[in-house]
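# Report on the structure
Given next are the chains, with one letter for each unit.
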Amino acid sequence: MQTPIPTLFMRGGTSRGPFFLESDLPADTAERDRVLLAIMGSPDPRQIDGLGGAHPLTSKVGIVRRSTVPGVDLDFLFAQLQPNKEVVDTTPNCGNMLAAVVPFALERGIARPQGETTTLRVLTLNTDMQCDITVQTPGGQVSYEGEARIDGVPGTSAPIKINFLDTEGSVCSSLLPTGKVRDTIDGVEVTCIDNGMPLVLLRADAVGRSGYESVADLNGDTELKARIERLRIACGHAMGLGDVTSKNYPKMTLIATPREGGSLATRSFIPHVCHDAIGVLAAVTVGTACVLPDSVADGIAIVPDGAVKAISVEHPTGEFSVELELDPLDSSKVVRAALLRTARLIMRGEVMVPAAVWQQP
Ligand code: NQM
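Rules used in this analysis
Residues numbered from 1 in each chain as written. Predicted model: local features only at pLDDT ≥ 70, side-chain atom pairs only at ≥ 80, totals over all residues. Heavy atoms only, no water. Near = heavy atom within 4 Å. Polar contact = N/O pair within 3.5 Å; in protein donor to acceptor, adjacent residues only side chain to side chain. Areas by Shrake-Rupley, 256 points an atom, 1.4 Å probe, with all protein chains shown as cover. Helix = DSSP H or I, 4+ residues; strand = E, 2+ residues; numbered from the N terminus. Nonpolar A, V, L, I, M, F, W, Y, C, P; charged D, E, K, R; others polar. Buried < 20%, exposed > 50% of the residue type's maximum accessible area, 1.4 Å probe, protein only. Pairing = 2+ DSSP bridges. Contact = heavy atoms within 4.5 Å. Domains from an automatic or database assignment. Buried area = accessible area lost by both parts, 1.4 Å probe. Salt bridge = Lys/Arg side-chain N within 4 Å of Asp/Glu carboxyl O. Expected span 1.5 Å × (residues − 1).

With that out of the way, let us pick up the site of the ligand. As a structural note, the neighbourhood of the ligand is formed by 14 residues, with Ser15, Lys60, Lys251, His275 and Leu281 the closest of them. One of the backbone N or O atoms of glycine 95 is found 2.7 Å from an oxygen atom in the ligand. One of the backbone N or O atoms of leucine 281 is found 2.7 Å from an oxygen atom in the ligand. Expressed as a share of its isolated accessible area of 350 Å², the protein-covered part of the ligand is 98%. At the level of elements, α2 (95-98) and α6 (280-291) are the ones that each hand at least two residues to the shell around the ligand. Per-element tally for the shell around the ligand: the top contributor is α6, with 3 residues. Here the residues of the shell around the ligand are counted per class, giving 7 nonpolar, 5 polar and 2 charged.

So, on to the pairing of strand β4 (residues 74-82). Most of β4 sits inside the fold, with 9 of its 9 residues counted as buried. Burial of β4 is two-sided: the residues Leu74, Phe76, Phe78, Gln80 and Gln82 facing one way and the residues Asp75, Leu77, Ala79 and Leu81 facing the other way are all buried. Sheet analysis places strand β3 (residues 60-66) next to β4, joined by 7 bridges and oriented antiparallel. Residue pairing in the sheet places valine 64 in a bridge with phenylalanine 76 of β4. Sheet topology places β4 next to strand β6 (residues 117-124); 3 bridges connect them, and they run parallel. Counted as the bridge partner of aspartate 75 is leucine 123 from β6. As judged from the 3 bridges shared by β4 and strand β5 (residues 85-89), these two strands associate in the antiparallel manner. Looking across to β5, one finds that glutamine 80 is bridged to aspartate 89. Where β4 folds back on β5, the antiparallel hairpin that results is connected by 2 residues.

Right, let's get into the environment of leucine 25. Mapping leucine 25 onto the fold places it in the loop between β2 (15-21) and α1 (29-40). Given a relative accessible area of 8%, leucine 25 falls into the buried group. Contacts of leucine 25, omitting those with residues within four sequence positions, involve Ile5, Phe20, Arg32, Val35, Leu36 and Ile63.

We now examine the domain arrangement of the protein. Domain assignment breaks the protein into domain 1 (3-159 + 343-353) and domain 2 (183-335). Between the C-alpha centres of domain 1 and domain 2 there is a distance of 25 Å. In this complex, domain 1 contributes 17 residues to the contact, which on the side of domain 2 involves 17 residues. Summed over both partners, the interface of domain 1 with domain 2 buries about 1,300 Å², with 55% contributed by carbon and sulfur atoms. Its largest share of buried area at the contact with domain 2, domain 1 owes to Leu57, Asn93 and Asp151, together 30% of the area lost on that side. Between the two partners, domain 1 and domain 2, sit 0 salt bridges.

The next subject is helix α5 (residues 222-238). An ideal rise of 1.5 Å per residue puts 24 Å on 17 residues; α5 measures up with 24 Å between its terminal C-alpha atoms. Taken together, the buried positions of α5 are occupied by Leu224, Arg227, Ile228, Glu229, Leu231, Arg232, Cys235 and Gly236. At its buried positions, α5 is contacted by β9 (183-185), β10 (188-194), β11 (198-203), α4 (215-219), β12 (251-256) and β13 (264-269). Positive phi appears at glycine 240, one or two residues downstream of α5, with a value of about 75°.

Right, here's the structure in full:
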């Protein structure tokens, strides 16, 4: 007999995966992880026996519950799986899956609509980070349809606004975990930074690339991938993250002069394949590097004046706009990051878990 588990299959930003109420999953973490691996069909490069889409961006899971933290409405735990690995990683954030949390909670009845729009405070348990998320709820129903467009997703949808309140040092100990805004590591100038996602920024020309290559070309560039993986492991130690060989972070970001009217051109490795766009908190972190004097982006990033900065991060399928508010007393400190995402309920139902999964030790 297989065990049915209720789920909503949702797109959040440019990611996708099943969402669960925490109470519908096993309470024991090891058992929960075995169940999630079976649900997604991992490890298997094609994830043929599960819901995964054979790519890290479609190997994601959202787990949601009502919060008991004062002032917080919902707790969200993000789980990153990989097509071909037997790992369930709940250490990093995912700002894309985060976009689907409030629609999921409204659909499952653990939160109530407030009027034409609904704003809820969400705590991401992965890194203890809070944000306010506003979704469209005309007539008390979540609306997925609208005119908002995000690059990397076809068509338009209802806008979802995310206002991050505290992103500095999410997985790392601080914004600049090496203590410096620029380091030379393994012969390459880098900025190691974490404003929601641990990233290593390096100029593409430092590794002999333009930074404008296609995703397919970069994914096929085994020499580059080996070079930046060596660098990533060295940076992981320098960032206090230990041996990151089997970790999904830090992500490596090649940067170059913008050429589509944005602030900076990027190619983001997550960490072993190139993102078709860029992650949400990766974009917030890149934007933050753009406003930091002497980062590796300094001199090539085009940054507008003013205390509230609209940073447009160019990526392979368009751009990602982030609004950063700087501390009026310290213009290298970001106090708020706001951005737009969309999400959609794709399917509701039950996912079937094979009996053998529960019988394992
Ligand atoms: O950076 C990809 C994504 C992400 C994570 C990744 C994300 C973020 O695009 O907040 O959203 O970096 O693995 O979903």
